[in-house]
Amino acid sequence: MSPAELPPPPGVDGTSLAGTTPYVISAEENRALCASLGAAAAADGTAHPIYFFIATQVGMGQTVAGLCALCDFDVEEGPVIASSSVTFSHALMTEQPYRVTGEINSLVRKRSRTFGVMDVLEYALRLSLPDGQPVLETINVWMLPRRSLA
Amino acid sequence: MNGGRAPSSGAALAVGTRLPPYSIAAVDPESMKLWAAFLHDPNPIHLDPRAVQAKGLGDKVINQGPANLAYVITMLQRAFPGSTLVSLAARYAGSVFAEDTVQAGGTIVEVAGEASGVRIRCDVWLRANERDPAITGQAVLVLPKE
């Protein structure tokens, strides 16, 4: 089957990933997370920057399984995270409610030496303060193996 | 800009400077259970070695990618105390398994003065047991004026 003969992926570009409830980084969880990294939590209420990933991923309107399902992909098949990027406008703080918005940018089907066929899912998520002030934007890319199409 | 130093870190702020590495002697599988809760991610490959074996991925549980990235960020925080992380782009290039020894490191590739302080761009990486990098990427930080 040539690339042109592959069936198209589901049309999910632009699907909203907005969260329904604000996400709050608990100070207690931040301490536990920092401890797991062998680091001390900041005394000024600043959260570990890795919460860019956690807050957006947990606070978006879909679980990872739900996001995969939108792409007609069973999470049990094993999505593989490929890359993450983030740009901060402000540091993350504990006990601060954050609003999560975002959308799927693209789902592209392609041949893969590793998986045979895979869909490359790219989505953007943003955190903002309750008054709308932007805090960060992150883009994640996942590979969804489509071994049955190989 | 040459000849400056990151506050308290001892790292010279010059292009080519290697950042002090940050190491974890052995990745703790118990920590993966914590991260599964942090991430709301029940994927069994992080929790049950049998799930890893069933997928042909090895025989030890696999650390979560964001946890690996957090080691890199922690390395940056130690190298540049008081800095602000402006941006980070990372590629997840490989797996880290339970009991692996991991080391995060980096190299300064650009230093520029600006109104708010010194902007530093670094190449960053994470290696496990001397294998090829599990993470590669680039970070930009700003050190405030002293």
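What comes next is a walk through the structure. Each chain carries its own residue numbering, running from 1 in the written order of its sequence. Working convention: letters from A go to chains and numbers from 1 go to ligands, in the order in which they are written. Only residues with pLDDT of at least 70 get local features here, since the model is predicted, and only at 80 or more are side-chain atom pairs given and counted; chain-wide, interface and lining totals rely on the full set of residues. Based on all heavy atoms of the structure, the side-chain values leave hydrogens and waters out of the count.

Counting from the N terminus, the helices are the DSSP runs of H or I reaching at least four residues and the strands are the DSSP runs of E reaching at least two. Within chain B, the secondary structure is distributed over 3 helices and 7 strands. Secondary structure elements of chain B occur, N-terminal to C-terminal, as β-β-β-α-α-α-β-β-β-β. The principal-axis extents of the C-alpha atoms in chain B amount to approximately 55 × 30 × 25 Å. Long-range pairs, those at least 24 residues apart, make up 66% of the contacts in chain B between residues at least 6 apart in sequence. Methods summary: accessible areas were calculated by the Shrake-Rupley approach with a probe of 1.4 Å, and residue burial reflects only the protein chains presented. Total accessible area on chain B stands at roughly 6,700 Å², and carbon and sulfur atoms take up 51% of it. Here, residues are in contact when the closest pair of their heavy atoms is within 4.5 Å.

Here we come to the environment of Ala65(A). Take Ala65(A): it is sitting in helix H3 (residues 64–70). A C-alpha to C-alpha distance of 9.4 Å links Ala65(A) and Pro79(A), two positions 14 residues apart in sequence.

Moving on, we get to helix H1 (residues 27–36) of chain A. What H1(A) keeps buried is the set Ala27(A), Asn30(A), Leu33(A), Cys34(A) and Ser36(A). Next to the buried residues of H1(A) lie helix H2 (51–59) of chain A together with helix H1 (29–39) of chain B. The first or second residue beyond H1(A) is Gly38(A), which carries a positive phi of 75°. Remark: exposure states derive from per-residue accessible area (1.4 Å probe, protein chains only) relative to the maximum for the residue type, with buried under 20%, exposed over 50%, and partly exposed in between.

This brings us to the interface of chain A and chain B. Tallying the contact residues gives 23 residues for chain A and 26 residues for chain B. Summed over both partners, the interface of chain A with chain B buries about 2,100 Å², with 65% contributed by carbon and sulfur atoms. Summed over the three residues of chain A that lose the most area to chain B, namely Ser36(A), Leu37(A) and Ile50(A), the buried surface amounts to 22% of that side. We count a salt bridge whenever a side-chain nitrogen from Lys or Arg sits within 4 Å of a carboxyl oxygen from Asp or Glu. Put simply, chain A and chain B have 0 salt bridges between them. Where the side of chain A that touches chain B is concerned, the elements lending two or more residues are H1, H2 and strand E2 (80–88) of chain A. Ranked by the residues each element gives to the side of chain A that touches chain B, the list is headed by E2(A), at 8 residues. When residues are grouped by polarity, Ala, Val, Leu, Ile, Met, Phe, Trp, Tyr, Cys and Pro land in nonpolar, Asp, Glu, Lys and Arg in charged, and all others, Gly among them, in polar. Partitioned by chemical class, the residues of the side of chain A that touches chain B number 14 nonpolar, 7 polar and 2 charged. Being paired, for any two strands, means DSSP has found at least two bridges between them. Pairing between E2(A) and strand E4 (residues 84–92) of chain B: 5 bridges, direction antiparallel. From the neighbouring strand, Ser85(A) faces E4(B), where its bridge partner is Ala89(B). Buried area: the accessible area, evaluated with a 1.4 Å probe, that two parts lose upon being put together, summed over both parts.

Here we take up the environment of Phe73(A). Residues and elements named next belong to chain A. By the secondary structure assignment, Phe73 is in the loop between H3 and E2. Under the relative-accessibility criterion, Phe73 is labelled buried at 5%. When the C-alpha positions of Phe73 and Gln62 are compared, they lie 14 Å apart, and in sequence the two are 11 residues distant. Setting aside anything within four residues of it in sequence, one finds Phe73 in contact with Cys68, Gly78, Pro79, Leu144, Pro145 and Arg146.

Glancing now at the side chain of Thr56(A). Along the chain, the position of Thr56(A) falls in helix H2. Once residues within four sequence positions are removed from consideration, Thr56(A) is found in contact with Tyr51(A), Val100(A), Leu125(A), Leu127(A), Leu136(A) and Thr138(A).

All right, on to the pairing of strand E4 (residues 116–128) of chain A then. All names here are of chain A. Summarising burial for E4: 10 of the 13 residues are buried, a large majority. Pairing of strand E3 (residues 97–112) with E4 involves 13 bridges; the strand directions are antiparallel. Following the sheet pairing, Arg99 is matched in E4 by Ser128. The hairpin turn running from E3 into E4, its antiparallel successor, is 3 residues long. Across 11 bridges, the pairing between E4 and strand E5 (residues 134–145) is antiparallel. The partner of Tyr123 across the bridge, within E5, is Asn140.

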